[in-house]
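Summary of structural features
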Amino acid sequence: MDEFPTCNLDYLPENILIDVLSYLSVRELVRAGRVCKRWRRLVKDQKLWRLVDLTAWKGMTSRILWVLLRQYLGCGLRYLRLRGLLLSVRGGTFLSEAWLKALSTKCPRLSKLYLLHADLRSLPSCQLLPPSLKVLELQGCELPQGFFNQDLPASSQEQATSSVKQKGTGQSSPSGISIECLIFNNVPSFKDQHLQSLTSWERLSRLELCDTFRVTANGLRGCAAKEGLCGLEGLFRLKFLEMSITTRQGYQRPMASLGLETGWLGLEELSLGGKEVAPGFPYASRLKDLKRLYLKACTLDELQVVHNCKMLRGLPGFLRLEFLDVVFQPRRGGGGGEGEQEKEQEGEEEAADGDNEGKPDKLIGNLRRLLAVMLPCCTLAFNNCSVQLNSNLGSNLFI
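**Focus: the overall build of the protein**
When helices and strands are counted, the protein shows 13 helices and 14 strands. Considering the protein as a whole, with its 399 residues, one finds that 46% of them fall into the buried category. Looking at the protein alone, contacts between residues at least 24 apart form 70% of all its contacts between residues at least 6 apart. Of the roughly 20500 Å² of accessible surface on the protein, a fraction of 51% belongs to carbon and sulfur atoms.

**Things to note about helix α5 (residues 97-106)**
Where α5 is concerned, the buried positions are Trp99, Leu100, Ala102 and Leu103. Looking down the long axis of α5, one finds its buried residues gathered within 160° of arc, a one-sided arrangement. In this structure, α5 carries Lys101 and Thr105 as exposed residues pointing more than 90 degrees from its buried face. Buried-residue contacts for α5 involve α4 (62-71) and β2 (79-83).

**Considerations on the side chain of Asp211**
Positionally, Asp211 belongs in the loop between β6 (206-210) and α8 (217-223). Among buried charged residues, Asp211 stands out as having no salt bridge; its nearest opposite-charge side chain is Lys275, 7.2 Å away. Residue contacts for Asp211: discarding those within four places in its chain leaves Asn185, Asn186, Val187, Ser244, Ile245, Thr246 and Thr247.

**Here we look at the pattern of salt bridges**
All chains considered together, the criterion is met by eight salt bridges. With a shortest N-O distance of 2.8 Å, Arg206 and Glu208 are connected by a salt bridge. On the basis of relative accessibility, which here comes to 11%, the residue Glu208 falls in the buried class.

**Focus on the packing of aromatic side chains**
Considering all chains together, one arrives at nine aromatic pairs under this definition. Their ring planes at 65° and their centres at 5.4 Å tell us that Phe323 and Phe328 sit as a pair that is edge-to-face. An aromatic cluster is present here, built from Phe147, Phe148, Phe184, Phe190 and Trp201 joined pairwise through their rings. In this structure, Arg206 packs its charged tip against the face of Phe240, placed 3.7 Å from the ring centre.

**Things to note about a positive patch on the surface**
On the surface, a cluster of positive charge is contributed by Lys47, Arg50, Arg78 and Arg109. Mapping Lys47 onto the fold places it in the loop between α3 (37-43) and β1 (51-53). For Lys47, a relative accessible area of 57% gives the class exposed.

**Observations concerning a nonpolar patch on the surface**
Judged by side-chain polarity, Leu9, Leu12, Ile16 and Val20 come together as a nonpolar surface patch covering roughly 290 Å² of accessible area. By the secondary structure assignment, Leu12 is in the segment before α1 (14-21).

**Focus on the pairing of strand β10 (residues 269-274)**
When you tally the buried positions in β10, you get five out of six residues, the bulk of the element. Relative to β10, strand β9 (residues 240-245) runs parallel, the two being bridged by six bridges. If you follow Phe240 over to β10, its bridge partner there is Glu269. Bridge count for β10 against strand β11 (residues 292-301) is five bridges, and the pairing is parallel. Its bridge partner lying in β11, Ser271 is registered against Tyr294.

**Side note on helix α10 (residues 302-311)**
Across the 10 residues of α10, seven count as buried, placing the element largely inside the fold. All of the buried residues in α10 are Glu302, Leu303, Val305, Val306, Asn308, Cys309 and Lys310. Among the residues of α10, the N-terminal cap falls to Asp301, whose side-chain oxygen and the backbone nitrogen of Leu303 are separated by 3.0 Å.

**Some details on the environment of Tyr294**
Note on placement: Tyr294 falls in strand β11. Taking the relative accessible area as the measure of exposure, Tyr294 reaches 18% and is therefore buried. Leave out the neighbours within four places in its chain, and Tyr294 touches Phe240, Glu269, Leu270, Ser271, Leu272, Arg320 and Glu322.

**Side note on the nonpolar core**
Ranked by size, the top nonpolar core spans 107 residues in total, and within it Phe148, Trp264 and Phe323 carry the most contacts. The residues touching Trp264, leaving out its near neighbours within four places in the chain, are Leu220, Cys223, Ala224, Ala225, Leu235, Leu238, Leu241, Arg286 and Leu287.

**What to know about the packing of α4 against α5**
Following both chains from N to C, one finds α4 and α5 inclined at 20°, their axes separated by 10 Å at the closest point. Accordingly, the angle class assigned to the pair α4 and α5 is roughly parallel. As α4 packs across α5, the resulting crossing turns out to be left-handed. Of α5, the residues touching α4 (which contributes Leu65, Trp66, Leu69 and Arg70) are Ala98, Trp99, Ala102, Leu103 and Lys106. Among the residues making up the contact of α4 with α5, the classes are represented as seven nonpolar, no polar and two charged.

Rules behind the numbers
- Residues numbered from 1 in each chain as written.
- Predicted model: local features only at pLDDT ≥ 70, side-chain atom pairs only at ≥ 80, totals over all residues.
- Heavy atoms only, no water.
- Helix = DSSP H or I, 4+ residues; strand = E, 2+ residues; numbered from the N terminus.
- Buried < 20%, exposed > 50% of the residue type's maximum accessible area, 1.4 Å probe, protein only.
- Contact = heavy atoms within 4.5 Å.
- Areas by Shrake-Rupley, 256 points an atom, 1.4 Å probe, with all protein chains shown as cover.
- Arc of directions from axis to C-beta.
- Lys, Arg positive; Asp, Glu negative; His and termini not counted.
- Salt bridge = Lys/Arg side-chain N within 4 Å of Asp/Glu carboxyl O.
- Phe/Tyr/Trp six-rings, centres within 6.5 Å; stacked < 30°, edge-to-face > 60°.
- Lys NZ or Arg CZ within 6 Å of the ring centre and 35° of its normal.
- Patch = residues over 30% accessible without salt bridge, like charges linked within 9 Å, V, L, I, M, F, W, Y side chains within 5 Å.
- Charge placed at Lys NZ, Arg CZ, Asp CG, Glu CD.
- Pairing = 2+ DSSP bridges.
- Polar contact = N/O pair within 3.5 Å; in protein donor to acceptor, adjacent residues only side chain to side chain.
- Core = buried A, V, L, I, M, F, W, Y, C linked by side-chain atoms within 4.5 Å.
- Axes fitted to C-alpha atoms, helices over the stretch in contact; angles between N-to-C directions.
- Parallel < 35°, antiparallel > 145°, perpendicular 65-115°, else oblique.
- Left-handed = near helix turned anticlockwise from the far one by under 90°.
- Nonpolar A, V, L, I, M, F, W, Y, C, P; charged D, E, K, R; others polar.

Here it is, written out as structure tokens:
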């Protein structure tokens, strides 16, 4: 056995060692850099710092953030996840203006930022965030009143007007906000005033509002894209909108999806979830540019689905309808005048309704075939859907 030399990590090439180190967390990487000089040099390789997740690091402080930024983070960083101190016993804020400015300088390619339980009330504006950001996701954060205002200084007005003239370049003003996707998840401080501030953003094309129960129908109606005196007004650059209410907080308030009743020019994809589905589903037919509709995490009556889908036939470019985690309720025996009217207008519907009682598999199958006849150019998808036979006993069928 003495003939064979001892094999250790020093015999491995550096690219293999970097692949091994990539499976470590940020905290373990920092510890690995203390082993020797070679490992310290390998740990600082920017391939290991493209996606940095600090949400699992307990006891995160501003001092640790400064150490990570000065010694490890660099031009390779693409995605950064941070957990704030909003729910911590110590409390306080750790995202300072100086640190964000240094982050913008050292990490010019940072495109996605995720903030969890962060108190942003010490920051006057979101323009302090790195200008390279394309995606900003906030979960359980606190926001100041004018956080999303985009106020250009007087010296930048000429630059802003010159950038508007260059339509073919696709570049925004240097002092403007270049975020294209904005995601809110359980941000109770997000209100109609914040939503109105987003109308000045030049690049915003995707907006997700999850459990933002302080956004009202009037606020959404005021920001909807529409024709104005000087052209299009509101969030006319928006292509994807998601609204969902899944928590009991604010359940008695009118749902924001009621604001879709006035229509929305240019909106191509709409996603409704939870308590936002029932009030918003009937108004989907008023979105003339709608191409895809996603309904998830809700309970829908069979007759309600048929009636609303019938109105979608007036959309010329409608291509996809998807149900995700939806519980379908079969229609009752004595449906009333409106139900009888629907049966008379749709012969297929009457035939499909004959064998639905007590057979959940047939209900979803017949509903799929009926919607395929009503929307022949539309792709239908039923994912993880089930059927509730009555209020006390549910029979689940997953597709």
